Amino acid sequence: MAGLDVWLGERRVGALTYLGGDQSIFAFDDAYADDPDRPTLSLAFKSASGGLLRDVRATRARVHPYFSNLLPEGPLRDYLAKRAGVKPTRELHLLATLGDDLPGAVVLRPQDAPLPSDAEPARFYGGGEATALRFSLAGVQLKFSAVEKAQGGLTIPAQGVGGDWIVKLPSTRFAGVSENEFSMMSLAAAIGIEVPAVRLLSLEEIARLPDDIGRLQGLAYAVERFDRPAGGVRVHVEDFAQVFGVFPETKYQRASYRNIGQVLWRETGETGYAEFVRRLVFSALIGNADMHLKNWSLIYRDGRTPSLAPAYDFVSTLAYLPDDNAALKVARSKAWTDFGEDELAALADGSGAPRRLTQKIARETVSAFRQTWAGRQAHLPISDDVRAAVLSQLDRVPLART
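Residues numbered from 1 in each chain as written. Predicted model: local features only at pLDDT ≥ 70, side-chain atom pairs only at ≥ 80, totals over all residues. Heavy atoms only, no water.

Caption draft 1: View of the overall build of the chain. On a plain count of helices and strands, the chain comes out with eleven helices and 14 strands. Across the 402 residues of the chain, 53% fall into the buried class. For the chain, the exposed surface amounts to about 17200 Å²; the carbon and sulfur share of it is 49%. (Helix = DSSP H or I, 4+ residues; strand = E, 2+ residues; numbered from the N terminus. Buried < 20%, exposed > 50% of the residue type's maximum accessible area, 1.4 Å probe, protein only. Areas by Shrake-Rupley, 256 points an atom, 1.4 Å probe, with all protein chains shown as cover.)

What follows is the structure in C-alpha cells.
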C-alpha cells in the first residue's frame, strides 16, 4: 500500500504516505494549504499566527497522533486488528480498513483504490431512515469474547430510528452502567447542558448482533451521533487528544482542564468556555472521574469554525471505582476536595477568562444541579449505589457546599 488519501468532506486535503520500514508521514496538498477558505482539519495544525503548520514529522508503526485518535481503543481495536491480520499498533493498515466510517468528516482511502462515481466521494455517508437499530461496522461481526473483555461495555456504531447512533452494550463487570449513563446525560440536559438524544435499549432491539450476545444481562445505552445528522452530510469533529497532538494512551497525562479552557476561550469565546465550565462542574458533582482528553470534543458545523461539541460519556464512575481525583488536573490539583472557588480562580487565570464569570457559572450550575437532583433522582433508573455515590460527592466537593 502506497498510502492513504485524506479527504475532509468533499476536499482532498493531503495524504498519509508509507515510507517503508513501518514509517509513515502526513503531508498537506498544496492546493488545500494555499486556500485561505480551506476547511479546518484540526487545531493541532494551526500555528500561533493562525496559519497552517506543514512541517509534520514521520512516525514509525504508529501514524500521526491526529490520525491515531480516529481509531477505536481497547478490545474493539484488538478484534479489528486480528480480523485485518495486523498488529494493533500498525495503524496505517487499520485506517485503510476503517477509513470510510471514522469520527467526523474525515475519510481515508487507499491511494490505489478507485474513487466512487459520485462527484463528492467523501462528503456523504449512508444514513437512511431505518426503523430498527442495526449493528454495522464495515461488515465486521463482533464475537462475544470481544464484548466480554470490555469492562465498561463495548462501544459499537449502529444505524436506525432515522439516524446514526453509538451503542454501548451492557458491561460484564459493572452492573447498570447503561442506566447510569442514561440518567447522568438526562440530568445534564435538564440543567441546560447540550447533549444528543439518548436511549435505553433491550438487546432484542439491536439487529445483527451475534447469537450468543444474549448471554449478556441488562440494557444497552444508545447516543445519537452529532457528526452524522439527518441529510447524510458528515459534520467534522475532533477530540482534545487530537487538538493537543497526543496519542490516545496519554489522554490522562498530557494536559489539564486549564489547557482545555484556554483553547475554548481563545477559539470559541465566552459561549464555549461557559459551557465547558458547566460540564466540568457537573462532572465533579456526579463523581465522573473519567473526563479525559478524548471525552471533550470540538465540532465544526460550518466546516471551519470550532465550537464545543455536545456532551457525551457522563457517568458517575465513583459508584464502581472509588477515586479521590478527577481524570485531569483542573488547574493545580486533581483532588475532588480541592475543587472550590480558589481552584476555579486558578482555572480562569490559566484559561485567560474572567474569574467572576467562571465562578458565577459554577455557582449557577451547582444550584441547578441540586434542584434538579432533588426533584428527579428518585425517578431515575439508577441503583442505590449510584445515588449514594452522588450524595457522597456532594458532601466531598467544596464547590457543592457553597
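After presenting the structure, the write-up continues.
Caption draft 2: Region of interest: the pairing of strand 1 (residues 3-8). Summarising burial for strand 1: six of the six residues are buried, a large majority. By the bridge criterion, six bridges tie strand 1 to strand 2 (residues 11-20) in an arrangement that is antiparallel. The residue of strand 2 that forms the bridge with L8 is R11. Counted along the chain from strand 1 to the antiparallel partner strand 2, the turn is two residues long, and its residue G9 has a positive phi close to 60°. (Pairing = 2+ DSSP bridges.)

Caption draft 3: Summary view of the pairing of strand 13 (residues 297-300). Burial of strand 13 is two-sided: the residues S297 and I299 facing one way and the residues L298 and Y300 facing the other way are all buried. Where strand 13 lies against strand 14 (residues 307-308), two bridges are found, and the strand directions are antiparallel. Across the sheet, I299 pairs through a bridge with S307, a residue of strand 14. Hairpin geometry of strand 13 and strand 14 is characterised by an intervening segment of six residues between the two adjacent antiparallel strands and by a positive phi of about 90° at G303.

Caption draft 4: Highlighting the layout of surface pockets. In this structure, the second largest pocket encloses a volume near 480 Å³. What lines the second largest pocket is a set of 20 residues, among which L43, A44, F45, L53 and V243 lie closest to the centre. Secondary-structure elements contributing two or more residues to the lining of the second largest pocket are helix 7 (240-244) and helix 8 (257-286). Looking at the lining of the second largest pocket, the element that brings in the most residues is helix 8, giving three residues. Broken down by class, the residue content of the lining of the second largest pocket amounts to eleven nonpolar, four polar and five charged. (1 Å grid on protein atoms, 1.4 Å probe; cavity = no way out; pocket = protein on both sides within 12 Å on 5 of 7 lines; lining within 4 Å. Points joined across faces, edges and corners; volume = space filled by probe spheres on them. Nonpolar A, V, L, I, M, F, W, Y, C, P; charged D, E, K, R; others polar.)

Caption draft 5: Main features of the confidence of the model for the chain. Taken over all residues, the pLDDT of the chain has a mean of 88, while the share at 70 or more is 87%. Residue range residues 136-141 is modelled with pLDDT below 50. Its contacts to residues more than four positions away, or to other chains, number 16 contacts. (pLDDT = per-residue confidence, 0-100. Contact = heavy atoms within 4.5 Å.)

Caption draft 6: Representation of helix 10 (residues 355-376). Between the first and last C-alpha of helix 10 there are 31 Å, a value that for 22 residues agrees with the 32 Å anticipated at 1.5 Å per step. By the burial criterion, the buried members of helix 10 are L357, T358, Q359, I361, A362, T365, V366, F369, T372 and W373. (Expected span 1.5 Å × (residues − 1).)

Caption draft 7: Highlighting the side chain of N295. On the secondary structure map, N295 appears in the loop between helix 8 and strand 13. For N295, a relative accessible area of 5% gives the class buried.

Caption draft 8: Fine view of the packing of aromatic side chains. Scanning all chains against the criterion turns up 17 aromatic pairs. With a centroid separation of 5.1 Å and an interplanar angle of 90°, the aromatic rings of F28 and F45 are classed as edge-to-face. With F28 in strand 3 (residues 23-28) and F45 in the loop between helix 1 (30-33) and strand 4 (59-60), the pair connects residues that are 17 residues apart, well separated along the chain. Across the pair, F45 and F28 agree in class, each one buried. Taking the centre distance of 6.1 Å and the plane angle of 50° together, the rings of Y273 and F276 count as tilted. Here Y273 and its partner F276 are both found in helix 8, three residues apart, which amounts to about one turn of the helix. Each member of the pair, Y273 as well as F276, carries the same accessibility label: buried. Members of the aromatic cluster, each reached through a chain of ring pairs, are F26, F28, Y32, F45, Y66 and F67. One residue, R38, lies across the ring of Y32, its end atom 6.0 Å from the ring centre. (Phe/Tyr/Trp six-rings, centres within 6.5 Å; stacked < 30°, edge-to-face > 60°. Lys NZ or Arg CZ within 6 Å of the ring centre and 35° of its normal.)

Caption draft 9: Molecular detail of the sheet that holds strand 3. On the basis of which strands lie adjacent, the open sheet formed by five strands has the order 4-3-2-1-5 and antiparallel pairing. Strand pairing shows two members of the sheet lacking a second neighbour, strand 4 and strand 5 (106-110), which therefore form its edges.

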